[in-house]
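# Descriptive structure summary
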Amino acid sequence: PLIIAAIALAFTHFSIPITYYWYLRTRWLNSLWNIVVDPSHTPMISVIVPTYNEAGFIEGKLDNIYDQEYPRDRIEVVVVDSASTDGTPERVLEWSNRHPDIALKLVREPVRRGKAHALNEALKHVSGEIVIITDADSRLLGRDSLKKVAAYLSDPSVGAVSCVKIPEASGPEGIEASYRGFYNVLRVAESNLHSTPVFHGELAAFRRNLLEEVGGFPTDIGSDDSHTATLIALKGYRAIIARDLVCEEAIPRKGYHMWRVRRAQHLVQHFWKILRARHKVPKRFKTVLYTETYLHLFNPWILLAAAILLAASAATGSLLAILLLALGLALLLFKPYRAWIATQLYLIAAAVRNLWTRE
Ligand code: GDD
Ligand code: MN
């Protein structure tokens, strides 16, 4: 009986994401539902870059924005710095002096109270119809990124836009390969169906009036970008990740596992907050939101339970249990399976760590 329960749990754990992926991939990956873009739409864009000790990245980041092919007089850059101690704000001012042809505001917070708090402070100083948040340690690949953001947001049903991510230094050939990667396929297909509940801090664009309607960025959870995008989708607008908007994400050289756990913590906080608020979910967004909530909050624990039950029945000498456990371990030789299992472990660690720190 233990072993039957274990098999049923393991089957549930793997079959739900596989079915979901298969459904999105075959049905939605290549069919964009109802978005009409106007490439000539060039509203005022406010680009907010939050910084805390980003001296090593900030000039490259500002150059990256400056290089965008978008009317320069329609861009306003707002750097919001929270008491960096490495000279970040000074570098911003020097850079701005060297580039007088682009509007730049530096907002300085006297104490650090987190990224979302800083973003809300910056929002008081922006005038663009579109607000883009972009992390200092990331880059927009493609000089037409702002143009594309504006084009997607020219459709009145679209409220927020984000990018697909590729890990740094994987180069342009990597782009093609990576938006076929598992998570990018999900994000793009979810967006084609209606909206995705996971956004990326590398590039998160919003209609400013909708940001105001949802009350700015939440300061009590880590996933400010995903949460805000989801609230906008819950209002019935589309919150989409476009496959032709690509960003490079910085992978930390030190503390990789802790970084993955922190990211997972932010997503877990985000999905709990959505679940607890008991929103009315637009019909087309239901499958995506419910499945992603399940996959982030519950599915990892089902795997853990299956593993514990298998180990327990292996301990009582069940040959089948021993074989299944051995199979589960042998499959770790395959990279996608290994990556999947690692993600489950990060999500479990994240839920546990959220009990004492939300940072
Ligand atoms: N002004 C300000 N104040 N900026 C901050 C603060 C702060 O207290 N803390 C972090 N930042 C800035 C960083 O300088 C960087 O530009 C950006 O916010 C993201 O911070 P990282 O430290 O690079 O975060 P990450 O890469 O681990 O976090 C990622 O995941 C989060 C969701 O899990 C980012 O993509 C975030 O944008 C995202 O919200
Ligand atoms: Mn980062």
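Since this is a predicted model, take the numbers as computed values, not measurements.

Attention now moves to the overall build of the chain. In terms of regular secondary structure, the chain is built from 14 helices and 8 strands. Since a compact globule built from 359 residues should have a radius of gyration of about 21 Å, the 22 Å found for the chain is in line with a globular shape. In terms of its C-alpha atoms, the chain occupies a principal-axis envelope of roughly 75 × 45 × 40 Å. Counting all 359 residues of the chain, 51% fall into the buried class. The contacts in the chain between residues at least 6 apart in sequence include a share of 83% that link residues at least 24 apart. Surface summary for the chain: the accessible area is close to 16700 Å², and the carbon and sulfur share equals 61%. Computed over 41 positive and 35 negative side-chain charges, the inter-centroid distance for the chain is 8 Å.

A few words on the packing of helix 9 (residues 224–234) against helix 10 (residues 256–277). Think of two packed helices as two axes; the pair is described by the angle between the axes and how far apart they sit. Running from amino to carboxyl end, helix 9 crosses helix 10 at an angle of 30°, the nearest separation of the two axes being 10 Å. It follows that helix 9 is roughly parallel to helix 10 by the angle criterion. Crossing of helix 9 over helix 10 shows right-handed handedness. Facing helix 9, whose interface residues are S226, H227, T230, L231 and L234, helix 10 presents L267, H270, K273 and I274. Here the residues of the contact of helix 9 with helix 10 are counted per class, giving 4 nonpolar, 4 polar and 1 charged.

Right, let's get into a nonpolar patch on the surface. On the surface, a cluster of nonpolar side chains totalling about 660 Å² of accessible area is made up of W301, L304, I308, V352, L355 and W356. The element best represented in the nonpolar patch is helix 12 (residues 299–315), accounting for 3 residues. Structurally, the position occupied by L355 is in the segment after helix 14 (335–353). Judged by relative accessible area, L355 falls into the exposed class, the value being 73%.

The next point concerns the site of ligand 1. The environment of ligand 1 is formed by 22 residues, the closest being P50, E54, S82, K115 and H266. Between ligand 1 and T51 there is a distance of 3.2 Å, counted from a nitrogen atom to a backbone nitrogen or oxygen. At a separation of 2.8 Å, an oxygen atom of ligand 1 approaches a polar side-chain atom of R263. Breaking the shell around ligand 1 down by element, the ones donating at least two residues are strand 1 (45–51), strand 2 (75–82), helix 4 (115–123), helix 9 and helix 10.

Within helix 5 (residues 145–152), 6 of the 8 residues are buried, leaving the element largely enclosed by the surrounding structure. Every buried residue of helix 5 is accounted for by S145, L146, V149, A150, A151 and Y152.

Judged by which residues are buried, strand 7 (residues 204–207) turns out to be covered on both faces: A204 and F206 on one side and A205 and R207 on the other are all buried. Direction of pairing for strand 4 (residues 130–133) relative to strand 7: antiparallel, over a ladder of 4 bridges. The partner of I132 across the bridge, within strand 7, is A205. Pairing of strand 6 (residues 158–167) with strand 7 involves 3 bridges; the strand directions are antiparallel. Looking at the pairing, S162 lines up with A204 of strand 7.

Here D225 is to be found in helix 9. Take D225: its relative accessible area is 10%, and that puts it in the buried class. The contact partners of D225, leaving out residues within four places of it in the chain, are K115, F199, H200, G201, A204 and F206.

Calculation notes
Residues numbered from 1 in each chain as written. Chains lettered and ligands numbered in written order. Predicted model: local features only at pLDDT ≥ 70, side-chain atom pairs only at ≥ 80, totals over all residues. Heavy atoms only, no water. Helix = DSSP H or I, 4+ residues; strand = E, 2+ residues; numbered from the N terminus. Rg over C-alpha atoms; globule rule 2.2 N^0.38 Å. Buried < 20%, exposed > 50% of the residue type's maximum accessible area, 1.4 Å probe, protein only. Contact = heavy atoms within 4.5 Å. Areas by Shrake-Rupley, 256 points an atom, 1.4 Å probe, with all protein chains shown as cover. Lys, Arg positive; Asp, Glu negative; His and termini not counted. Charge placed at Lys NZ, Arg CZ, Asp CG, Glu CD. Axes fitted to C-alpha atoms, helices over the stretch in contact; angles between N-to-C directions. Parallel < 35°, antiparallel > 145°, perpendicular 65-115°, else oblique. Left-handed = near helix turned anticlockwise from the far one by under 90°. Nonpolar A, V, L, I, M, F, W, Y, C, P; charged D, E, K, R; others polar. Patch = residues over 30% accessible without salt bridge, like charges linked within 9 Å, V, L, I, M, F, W, Y side chains within 5 Å. Salt bridge = Lys/Arg side-chain N within 4 Å of Asp/Glu carboxyl O. Near = heavy atom within 4 Å. Polar contact = N/O pair within 3.5 Å; in protein donor to acceptor, adjacent residues only side chain to side chain. Pairing = 2+ DSSP bridges.

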